[in-house]
Amino acid sequence: MSKWTEIRDEVVKELNIENVTEEAKQRVTRTILNEGIPFVEVVVDKFVGKTKEQAKTESGWCYLRDAFVLPMVLQGAVWGIKLVLEKSLTPTVTK
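Thresholds, definitions, all that
Residues numbered from 1 in each chain as written. Predicted model: local features only at pLDDT ≥ 70, side-chain atom pairs only at ≥ 80, totals over all residues. Heavy atoms only, no water. Helix = DSSP H or I, 4+ residues; strand = E, 2+ residues; numbered from the N terminus. Buried < 20%, exposed > 50% of the residue type's maximum accessible area, 1.4 Å probe, protein only. Contact = heavy atoms within 4.5 Å. Areas by Shrake-Rupley, 256 points an atom, 1.4 Å probe, with all protein chains shown as cover. Expected span 1.5 Å × (residues − 1). Bend = angle between axes of the 7 residues up to and from the residue. Phe/Tyr/Trp six-rings, centres within 6.5 Å; stacked < 30°, edge-to-face > 60°. 1 Å grid on protein atoms, 1.4 Å probe; cavity = no way out; pocket = protein on both sides within 12 Å on 5 of 7 lines; lining within 4 Å. Points joined across faces, edges and corners; volume = space filled by probe spheres on them. Nonpolar A, V, L, I, M, F, W, Y, C, P; charged D, E, K, R; others polar.

**Some details on the overall build of the chain**
Within the chain one finds 3 helices and 0 strands. Across the chain, helices and strands are ordered from the amino to the carboxyl terminus as α-α-α. Within the chain, the fraction of its 95 residues that count as buried is 19%. A separation of at least 24 residues holds for 57% of the contacts in the chain among residues at least 6 apart in sequence. Of the roughly 7,500 Å² of accessible surface on the chain, a fraction of 63% belongs to carbon and sulfur atoms.

This is the structure in structure tokens:
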């Protein structure tokens, strides 16, 4: 079974419960961080590498897009999502 199928099945399993507990949210978040984000990082890195390589033959706005804008947006989005998910795993205090 592929990793994607395992992730999908785990999410479906978690969504079929009546009461979403903190433990369930933590498990889903860990699954995304441990299995989903690494895959996305590999895809983004490959795309950014190809885009930067192509930027060498571009000029003007296309050069800026390929050399700076797309890499910063994609890598920044992955970094931001990863940061938020990691921070959400820290214990919370409820009163």
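**Examining helix α3 (residues 60–88)**
Over its 29 residues, α3 extends 41 Å from the first C-alpha to the last, a length consistent with the 42 Å expected when each residue adds 1.5 Å. At D66, α3 shows its largest kink, close to 40°. The set of residues buried in α3 consists of D66, A67, P71, V78 and L85. Close packing links the buried residues of α3 with α2 (22–55).

**Quick notes on the packing of aromatic side chains**
The geometry of two aromatic rings is summed up by the distance between their centres and the angle between their planes. For the coordinates displayed, the defined rule picks out 1 aromatic pair. Aromatic side chains Y63 and F68 sit 5.9 Å apart centroid to centroid with 85° between the ring planes, which places their arrangement in the edge-to-face category. For Y63, a relative accessible area of 34% translates into the label partly exposed.

**As for the environment of F39**
The topology assignment puts F39 in helix α2. Distance from F39 to K3, taken between C-alpha atoms, is 9.8 Å for residues 36 residues apart in sequence.

**Notes on the layout of surface pockets**
Size it by volume and the largest pocket reaches roughly 170 Å³. Taken together, K3, W4, I7, V11, T31, I32, E35, G36, F39 and V40 form the lining of the largest pocket. Elements with a minimum of two residues in the lining of the largest pocket: α1 (3–15) and α2. A per-element tally of the lining of the largest pocket places α2 first, with 6 residues. A per-class count over the lining of the largest pocket returns 6 nonpolar, 2 polar and 2 charged.

**Focus: the environment of Q26**
By the element assignment, Q26 lies in helix α2. Each C-alpha atom of the pair Q26 and S88 lies 8.2 Å from the other, and the pair is 62 residues apart in sequence. Residues contacting Q26, with those up to four places away along its chain left out, are S88 and L89.

**Description of α2**
Residues that lie three or four places apart on an α-helix share one face, since the helix turns once every 3.6 residues. Within α2, the axis deviates most sharply at G36, by approximately 35°, and proline P38 lies no more than four positions further along. Among the residues of α2, A24, Q26, T29, T31, L33, I37, V44, V48, T51 and A55 are the ones counted as buried.

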